[in-house]
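# Per-entry structural report
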Amino acid sequence: MGRAGSPPEDEAEGRCPLWSLPEELLLLVCAYLDAQALGRLGQACRRLRRFVAKDALWRRLARTALNTGFSARGADLVTGIPVKERVKVSQNWRHGRCRRVPLLKWKRNLMPWMQLDGDYLYLSQAEDIHVYWLDPNVTSLQCSPQVVFSGHQEDVCRFVLANGYIVSGGGDGAIVLHKRNGSCSFKFLGHEQEVNCVDSQGGIIVSGSRDKTAKVWSLSPGRAGKCLHTIQTEDRVWSIAISPLSSSFVTGTACCGHTSPLRIWDLGSGQLVTCLGTDFHRGAGALDVLYETPSTLLSCGYDTYIRYWDLRISTRECVKKWEEPHDSALYCIRSDGNHMIASGSSYYGVVRLWDKRQTRCLQSFFLSSPVSSPVYCLRFSTTHLYASLASALYGLDFTTS
């Protein structure tokens with residue numbers, strides 16, 4: 001209700017001098033406002049509330065915020081969620097405001113790996129891969145998965161989703177391909193010992209093993225499962241990733257010798273392209289690697305550092321690095337492709353959030369205290385983070401107000 005004698009709200013909106021400006025100029029004026037000022041402006045009247053909800057006004061803020069779905073180059077990787085809402089949730093990521101719940105527990109200790117695909121979570125459970133539907137309105141997962149993919153004789157070490165397939169490597173030395181619609185599967189023996197890591201892209205699979213080799217496999221029709229290259233890495237391979245251009249791949253090894261644990265190989269010939277870094281100490285194995293762009297990648301491992309590499313600048317030294325505060329090995333890392341990194345530590349289920357523009361971590365979450373467990377795998381969307389530990393899967397919901 002307005003005050004006695006005051007004009008109706010619609011009439012007052014019509015008299016507002018802001019509306020005499022062209023929309024392009026009004027957008028330019030509002031571009032100087034921060035998130036708090038935009039929110040207050042939207043409280044002035046209904047017309048302004050509708051105007052300041054436009055995605056165009058919030059994109060500038062979203063590109064500098066954490067985990068809003070915008071890449072470093074400004075591409076919007078998320079659809080269906082207003083940018084304004086993503087900026088609001090981003091503040092929860094920065095300040096660590098979330099609801100933490102155990103989504104799933106199991107009785108024996110495992111080393112689970114997982115992948116997210118929209119509303120579905122793929123989680124390895126010993127020899128199988130289980131698929132769960134993620135309902136954002138509930139605080140736990142159903143005990144029974146919707147689909148179970150089997151094929152390994154020993155535990156699944158890692159797997160990826162690519163080209164309609166689930167590609168997994170296991171402790172039995174095998175690589176298994178499942179069509180994600182469940183119609184068929186294909187298995188071939190890849191290595192003499194466990195396959196610690198796999199990646200797949202553009203009709204190619206790369207795998208790394210404890211047997212000190214990395215292999216390149218074809219997925220093309222008629223040649224599926226054919227080994228194209230066998231690379232002697234002289235060290236156990238813990239992690240592997242194909243470049244977004246599908247021209248090369250990086251291996252992360254145990255660093256038991258005098259060779260850098262991070263090496264890049266040509267995908268076509270299998271020849272060594274370059275080694276990354278020169279200051280690794282013995283045993284500083286790289287447990288996880290991931291490409292953000294064709295020229296930038298992240299690595300982490302036993303030396304307790306997250307390292308950020310830019311191949312355009314140098315291969316001898318990383319351009320940035322962040323040290324784990326408690327001197328713990330880092331088992332896994334994820335990135336939003338822009339400013340945020342999430343890392344999983346080897347003790348007490350510690351998940352840390354980092355802003356690349358700062359040197360210290362932003363937030364820490366202890367998910368398994370007082371019982372200690374590594375964080376074996378991390379995945380996140382713009383609203384939720386999932387962490388798999390030895391005996392449980394935890395979810396962090398950042399949509400809380």
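Up top is the structure.
Residues numbered from 1 in each chain as written. Predicted model: local features only at pLDDT ≥ 70, side-chain atom pairs only at ≥ 80, totals over all residues. Heavy atoms only, no water.

The next subject is the packing of aromatic side chains. Centre distance and the angle of the planes are the two values used to describe a pair of aromatic rings. If you walk through the whole model with that rule in mind, you get seven aromatic pairs. An angle of 50 degrees between the planes, with centres 4.8 Å apart, marks the rings of Phe-188 and Trp-217 as tilted. Of this pair, Phe-188 sits in strand β9 (residues 185-189) while Trp-217 sits in strand β12 (residues 213-218), and the two are 29 residues apart along the sequence. Of the two residues, Phe-188 and Trp-217, both sit in the buried class. A ring pair is formed by Phe-365 and Phe-398, whose centres lie 6.1 Å apart and whose planes are at 80 degrees; its orientation type is edge-to-face. Placement of the pair is Phe-365 in strand β25 (residues 363-366) and Phe-398 in the segment after β28 (392-397), with a sequence separation of 33 residues. (Phe/Tyr/Trp six-rings, centres within 6.5 Å; stacked < 30°, edge-to-face > 60°. Helix = DSSP H or I, 4+ residues; strand = E, 2+ residues; numbered from the N terminus. Buried < 20%, exposed > 50% of the residue type's maximum accessible area, 1.4 Å probe, protein only.)

Let us look at the environment of Leu-66. Mapped onto the elements of the fold, Leu-66 is located in the loop between α5 (55-64) and α6 (83-95). With a relative accessible area of 1%, Leu-66 lands in the buried category. Sequence-wise, Leu-66 and Asp-355 are 289 residues apart; in three dimensions their C-alpha atoms are separated by 7.6 Å. With near-sequence residues (within four places) excluded, Leu-66 lies in contact with Ser-90, Arg-94, Asp-336, His-339, Met-340, Asp-355, Arg-357 and Leu-362. (Contact = heavy atoms within 4.5 Å.)

Let us now look at α6. If you check α6, its first and last C-alpha atoms are 19 Å apart, about what 13 residues at 1.5 Å a residue would give, namely 18 Å. All buried positions along α6 are accounted for by Val-83, Arg-86, Val-87, Val-89, Ser-90, Asn-92 and Trp-93. Where α6 ends, the next residue or the one after it, Gly-96, has phi of about 75 degrees, a positive value. (Expected span 1.5 Å × (residues − 1).)

A word on unusual backbone geometry. A negative phi angle characterises most non-glycine residues, just as the trans form characterises most peptide bonds. Cis peptide bonds are those with omega within 30 degrees of zero, and the linkage from Ser-369 to Pro-370 qualifies with 5 degrees. One can find Pro-370 in the loop between β25 and β26 (377-380). Positive phi is not limited to glycine here, since Ala-126 has a value of about 55 degrees. Take Ala-126: it is sitting in the loop between β3 (120-125) and β4 (128-133).

Pairing is antiparallel across the open sheet formed by four strands, whose spatial order is β22-β23-β24-β25. Strands at the two margins of the open sheet, each flanked by one partner only, are β22 (330-335) and β25. The sheet shows a mean angle of 20 degrees between the axes of neighbouring strands, direction not considered. With five bridges joining them, β22 and strand β23 (residues 340-345) adopt antiparallel strand pairing. Residue pairing across strands places Ile-333 opposite Ser-343, the latter belonging to β23. The strands touched by α6 are β23, β24 (350-355) and β25; relative to β25, the strand with the most contacts, the crossing angle is about 70 degrees. (Pairing = 2+ DSSP bridges. Axes fitted to C-alpha atoms, helices over the stretch in contact; angles between N-to-C directions.)

Ranked by internal contacts, the top residues of the largest apolar core, which has 23 residues, are Leu-121, Leu-123 and Leu-393. Mapped by element, the contributors of at least two residues to this core are β1 (99-105), β3, β4 and β6 (156-162). The next biggest cluster of nonpolar side chains, apart from the first, holds 22 residues, and it includes Trp-93, Ala-342, Leu-367 and Leu-378. (Core = buried A, V, L, I, M, F, W, Y, C linked by side-chain atoms within 4.5 Å.)

As a further point, take the pattern of salt bridges. Where charged atoms of side chains with opposite charge meet at close range, the side chains can pair. The full count for this structure, using the stated rule, is 14 salt bridges. In this structure, the salt-bridge partner of Asp-355 is Arg-94, at a minimum N-O distance of 2.6 Å. Taken as a pair, Asp-355 in strand β24 and Arg-94 in helix α6 lie far apart in primary sequence, 261 residues in all. Arg-99 serves as the salt-bridge partner of Asp-397, at 3.1 Å between the closest nitrogen and oxygen. With Asp-397 in strand β28 and Arg-99 in strand β1, this pair connects stretches of sequence that are 298 residues apart. A relative accessible area of 38% places Arg-99 in the partly exposed class. Connected via shared salt-bridge partners are Arg-94, Asp-355 and Arg-357. (Salt bridge = Lys/Arg side-chain N within 4 Å of Asp/Glu carboxyl O.)

Turning to the pairing of β24, a few remarks are in order. In summary, the side chains of a regular strand alternate between the two faces of the sheet. Burial within β24 is extensive, with six of its six residues counted as buried. Alternating residues of β24 divide into Val-350, Arg-352 and Trp-354 and Val-351, Leu-353 and Asp-355, and every residue in both groups is buried. Pairing of β23 with β24 involves five bridges; the strand directions are antiparallel. Its bridge partner being in β24, Ser-343 is matched across the sheet by Arg-352. The pairing of β24 with β25 spans four bridges and is classified as antiparallel. Of the residues in β25, the one forming a bridge with Val-350 is Phe-366.

Relative to the elements of secondary structure, Val-351 occurs in strand β24. Residue Val-351 is classed as buried on the basis of its relative accessible area of 0%. Spatially, the C-alpha atoms of Val-351 and Val-375 are 7.4 Å apart, while their sequence positions differ by 24 residues.

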